[in-house]
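Here is what each chain is made of, one letter per residue.
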Amino acid sequence: MQSFELPIVVTPLDIDTLGHVNNVVYVRWMQEAAAAHWASAAPAELRDRVSWVVVRHEIDYKAPAFSGEQLVVRTWVGEPAGATWERFIEIRHVEGDRLLARGRSVYAALDRSTGRPRRVDALLRAPFA
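Read on for an overview of the structure.

What counts as what
- Residues numbered from 1 in each chain as written.
- Predicted model: local features only at pLDDT ≥ 70, side-chain atom pairs only at ≥ 80, totals over all residues.
- Heavy atoms only, no water.
- Helix = DSSP H or I, 4+ residues; strand = E, 2+ residues; numbered from the N terminus.
- Buried < 20%, exposed > 50% of the residue type's maximum accessible area, 1.4 Å probe, protein only.
- Core = buried A, V, L, I, M, F, W, Y, C linked by side-chain atoms within 4.5 Å.
- Contact = heavy atoms within 4.5 Å.
- Pairing = 2+ DSSP bridges.
- Axes fitted to C-alpha atoms, helices over the stretch in contact; angles between N-to-C directions.

## Observations regarding the environment of Asn23
Part 1 of the reasoning: You can see Asn23 is positioned in helix 1 (residues 23-41).
Part 2 of the reasoning: A relative accessible area of 41% means that Asn23 is categorised as partly exposed.
Part 3 of the reasoning: Separated by 36 residues in the primary sequence, Asn23 and Ile59 have C-alpha atoms spaced 9.2 Å apart.

Listed below in structure tokens is the structure:
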């Protein structure tokens, strides 16, 4: 499966009272990278028919990030199971490629016209092959 990279520059709004990036911000970046990957890979017709919702986020924090640092969020999809699809994420410093966080998310596919779950079939997998 192809991976996707989203560049990030840490802003002062990302910093918590301990002086480093807040844990919730890492989760936001995970979601932003997943959405950007979908938007870049899937054709408009498919994006108009399918939405994704989070079922689960897991994240392991390895090192802190600080204001002004340049990061990259790298993501790729794993194995689908019914209406869900796992996605993996790594957040790294651009300089030195140091791992800051590693995560796994599970997303459910929804049919936009009905709001109901739909199977992650070959049509949904094709843009990521």
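## Digging into the environment of Ala44
Part 1 of the reasoning: By secondary structure assignment, the location of Ala44 is in helix 2 (residues 44-49).
Part 2 of the reasoning: The spatial distance from the C-alpha of Ala44 to the C-alpha of Ile59 is 30 Å, given a sequence separation of 15 residues.

## Structural notes on the nonpolar core
Most often, soluble globular proteins have nonpolar side chains that are buried together.
Part 1 of the reasoning: Ranked by size, the top nonpolar core spans 18 residues in total, and within it Tyr26, Trp29, Leu71, Val73 and Ile91 carry the most contacts.
Part 2 of the reasoning: For this core, the elements supplying multiple residues, two or more each, are strand 1 (4-9), helix 1, strand 3 (70-81), strand 4 (84-93) and strand 5 (99-111).
Part 3 of the reasoning: The element contributing the most residues to this core is helix 1, with five residues.
Part 4 of the reasoning: Excluding anything up to four places from it in sequence, Trp29 contacts Ile8, Val10, Asp14, Val21, Leu71, Val73 and Ile91.

## A closer look at the sheet that holds strand 2 (residues 50-61)
Part 1 of the reasoning: If you walk across this open sheet you meet the five strands as 1-3-4-5-2, and the pairing is antiparallel. The open sheet is flanked by strand 1 and strand 2, the only strands paired with a single partner. Looking at each pair of strands side by side, their axes are set apart by 25° on average, direction ignored.
Part 2 of the reasoning: Of the strand pairs in this sheet, strand 2 and strand 5 are connected by 11 bridges, and their pairing is antiparallel. Among the inter-strand pairings, Trp52 is bridged to a residue of strand 5, identified as Ala109.
Part 3 of the reasoning: Strands in contact with helix 1 are strand 1, strand 2, strand 3, strand 4 and strand 5; relative to strand 2, the strand with the most contacts, it is inclined by about 140°.

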